[in-house]
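Summary of the model geometry
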Amino acid sequence: MFGTLRDKDSRAQIQKLTGAFVFEKDIQQSSQQGETSLNGAILAVKDNIAVEGMPLSCGSKILSGFISPYSATCIDLLQKAGAVVAGKTNLDEFGMGSSCDSSSLGRTNNPWDLERVAGGSSGGSAAAVAAGLADIALGSDTGGSVRQPAFFCGIYGLKPSYGVISRYGLTSYASSLDTIGIMTRSIDLMESSFDCIAKKDEKDSTSRAIKNEASSDDSFKHRKLAVLHLEKGDISDGASEGYTRLIKLYKNEGFEVETVHLETLDYVLPAYYTIASAEASANLARYTGIRYGLSPDFAENPSDYVSKVRTEGFGSEVKLRILLGTYVLRSGFQDKYYTKAQSIRAEIRRELSGLFENYDGLIMPVFPTLAFLHGDDSMDEYQQRLADKFTCIANLCGVPGLSIPAGSYEGLPTGAQILGPDFSEKRLFSFGRIAEAHFPVETPKIVENIA
Ligand code: GLN
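Report follows, based on the coordinates.

Rules of the game
Residue numbers here run from 1 along each chain, matching the order of that chain's written sequence. Given that the model is predicted, a residue must reach a pLDDT of at least 70 before its local features are reported, and side-chain atom pairs must reach 80 or more before they are shown or counted; all residues, however, enter totals for whole chains, interfaces and linings. Water and hydrogen atoms play no part in the side-chain values, which are based on all heavy atoms of the structure. A cutoff of 4 Å decides nearness: a residue is near a molecule or strand if any of its heavy atoms lies inside that distance of it. In protein, a polar contact requires one atom able to donate a hydrogen and another able to accept it; more generally it is a pair of N or O atoms within 3.5 Å, and residues adjacent in sequence count only if both atoms are side-chain atoms. Here, Shrake-Rupley sampling with a 1.4 Å probe gives the accessible areas, and only protein chains in the shown set may cover a residue. As a working rule, the residues Ala, Val, Leu, Ile, Met, Phe, Trp, Tyr, Cys and Pro are called nonpolar, Asp, Glu, Lys and Arg charged, and the rest polar, with Gly in that last group. The term nonpolar core refers to a set of buried residues drawn from Ala, Val, Leu, Ile, Met, Phe, Trp, Tyr and Cys, joined through side-chain atoms within 4.5 Å. Three labels apply to residues, based on accessible area from a 1.4 Å probe with only protein chains included: buried if under 20% of the type maximum, exposed if over 50%, partly exposed otherwise in between. Residues count as neighbours in contact if any of their non-hydrogen atoms are within 4.5 Å of one another. Note on geometry: axes are C-alpha line fits, over the in-contact stretch for helices, and angles between N-to-C directions span 0 to 180 degrees. Secondary structure elements follow DSSP: runs of H or I no shorter than four residues count as helices, runs of E no shorter than two count as strands, and numbering proceeds from the N terminus. Angles below 35 degrees are treated as roughly parallel, those above 145 as roughly antiparallel, those between 65 and 115 as roughly perpendicular, and all remaining angles as oblique. Definitions for this section: a left-handed crossing has its near helix turned counterclockwise from the far helix by less than a right angle. A right-handed crossing has that turn clockwise. Pairing of aromatic rings covers Phe, Tyr and Trp, the last counted by its six-membered ring, and requires centre-to-centre distances within 6.5 Å; plane angles under 30 degrees mean stacked, over 60 mean edge-to-face, and any other angle means tilted.

On to the site of the ligand, then. Taken together, 15 residues form the shell around the ligand, and within it Gly143, Ser145, Tyr173, Tyr272 and Asp388 come nearest. In this structure, threonine 142 approaches the ligand through a main-chain N or O atom, which is 2.7 Å from an oxygen atom. A distance of 2.9 Å separates an oxygen atom of the ligand from a polar side-chain atom of arginine 321. Across the complex, the protein chains shield 99% of the 300 Å² of accessible surface that the ligand would expose by itself. Class assignment for the residues of the shell around the ligand results in four nonpolar, eight polar and three charged.

Below you can see the structure in the form of structure tokens.
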């Protein structure tokens, strides 16, 4: 019914080529009964979201062998609605990265071109949906990790308003930016999944109920769309193609389209990386190997034990972020870095919410390039961080963003994202539906050949 592959052999072949899942379940054995909205939908879950009885690795050696004793609230809700968990998907370690190549469990390949990355950090989830291994995938978006891999793999990716989907059961990276997001091949399924899990949850103190009038707000009040001004060379031809196609489309659909400048855009990355690293360094302090995860064969004393676990257990990107985070938070320096980043964040939020008083949404690129090659020198970790500037802004402001595919360019998916004000998810779905009628999600060749 949902169009996902159920044949065991084809699934195994596609999984082997893409490496989307890191832990799999037999979906044949777990089909559910009942007449519910998502009955039988196959669900892939990023491996930083807890599913009771399944491993929870966060793509890190430090959590090897850990089995989750409970499920995230969103998993409970989706299972209650009839969704079937097919497994856990690959990610950049603890959600830090943009390629899905920095997981301790191996890399994930883009179903459109296996030599290319699926994007990150929720690359496994995006690849699973694009390759027909799942109908719905959950990811987490702290700075773009749902929207960017969705863009690379040619599917829809939603980063919801902060707090509307409970974070209970999501492994914390940067708590004030973290959101659980959804990936699908259709807007209808995106919307039913969102309706199912966008619920206030007692177990997450930052969870917020969607305001009533806003939850039904699919209206375009202004019929005006802001288009982010770009300088020449800001994005590649392939990324520009999707962006231009969508702008043209909305223009043809009667939207007034106006170019806007975001004065604060240049401050997005410094603010994001200061805040994200600071929060990550605090959140990741819990991984000591004492209660769970990796433990050394021998340690001289408790501090040697913890040091061995963290030295061996964390990958280099995670270590770098922890160092950066402790640096900006060190005693006497908070005002210089962390507090300053927070006031810049407030400034960015002010500018963006001012914009939404006059426009229904802001359309902008997701990432400066289309899916890049594994090991591409021009996209090293530093370049990947610089490339986050279009996505991080939504997380700093807490607003929703939807990544929308718009066909392909030289064989790779392209598209753009639309951001809206707080709680405007339904309006973003309406934008998505307009695009879906013109650029329905396509199936990668490898899937067509196997299935
Ligand atoms: N590239 C971003 C980072 O590494 C993505 C974070 C995310 O959304 N999990 O921080």
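In this structure, Tyr250 and Leu362 are the most contacted members of the largest nonpolar core, which totals 115 residues. Sequence-distant contacts of tyrosine 250, that is, excluding residues within four places in its chain, are made with Leu225, Phe255, Ile363, Ile404, Ile418, Phe431, Gly432, Ile434 and Ala435. One finds Ala128, Ala150, Cys153 and Val447 within the second-largest nonpolar core, a separate group that totals 26 residues.

A word on the packing of helix α8 (residues 268–283) against helix α13 (residues 389–397). Here α8 crosses α13 at 60°, and the two axes come no closer than 9 Å. Relative to α13, the element α8 lies oblique. Read as a crossing pair, α8 and α13 show a hand that is left-handed. Contacts between α8 and α13 involve Val268, Leu269, Ala271, Tyr272 and Ile275 from the former and Lys389, Cys392, Ile393 and Leu396 from the latter.

If you trace the backbone, leucine 402 turns up in strand β12 (residues 401–409). When the C-alpha positions of leucine 402 and serine 281 are compared, they lie 29 Å apart, and in sequence the two are 121 residues distant. Among all residues touching leucine 402, those that are not within four sequence positions of it are Gly157, Leu158, Ile187, Met190, Ala416, Gln417, Ile418, Leu428, Phe429 and Gly432.

Turning to the packing of aromatic side chains, a few remarks are in order. Tallied over the full model, the rule gives 18 aromatic pairs. Relative to tyrosine 287, the ring of phenylalanine 94 has its centre 5.0 Å away and its plane inclined at 45°; by these criteria the two rings are tilted. Of the two residues, phenylalanine 94 sits in the loop between β3 (84–89) and β4 (109–110) while tyrosine 287 sits in the loop between α8 and α9 (302–313), which places them 193 residues apart along the sequence. Pair check on accessibility: phenylalanine 94 and tyrosine 287 agree, each one buried. Summarising the aromatic geometry, the rings of tyrosine 272 and tyrosine 273 are spaced 4.7 Å apart at their centres and angled 90° between planes, so their arrangement reads as edge-to-face.

The next thing to look at is unusual backbone geometry. Cis peptide bonds are those with omega within 30 degrees of zero, and the linkage from glycine 120 to serine 121 qualifies with 10°. Tracing the backbone through its elements, the reader meets serine 121 in the loop between β5 (113–117) and α3 (123–130). Positive phi, normally seen in glycine, also occurs at cysteine 100, with a value near 70°. Structurally, cysteine 100 can be placed in the loop between β3 and β4. Classification of cysteine 100 as buried rests on a relative accessible area of 0%. Positive phi, normally seen in glycine, also occurs at phenylalanine 423, with a value near 65°. Among the structural elements, phenylalanine 423 can be located in the loop between β13 (412–419) and α14 (425–438).

Further remarks concern the environment of leucine 396. Secondary-structure assignment places leucine 396 in helix α13. Owing to a relative accessible area of 0%, leucine 396 belongs among the buried residues under this scheme. Along the chain, leucine 396 and glutamate 263 lie 133 residues apart, while their C-alpha atoms are 15 Å from each other. Those residues in contact with leucine 396 that lie beyond four places of it in its chain are Leu177, Val268, Ala271, Tyr272, Ile275, Arg345, Ile348 and Arg349.

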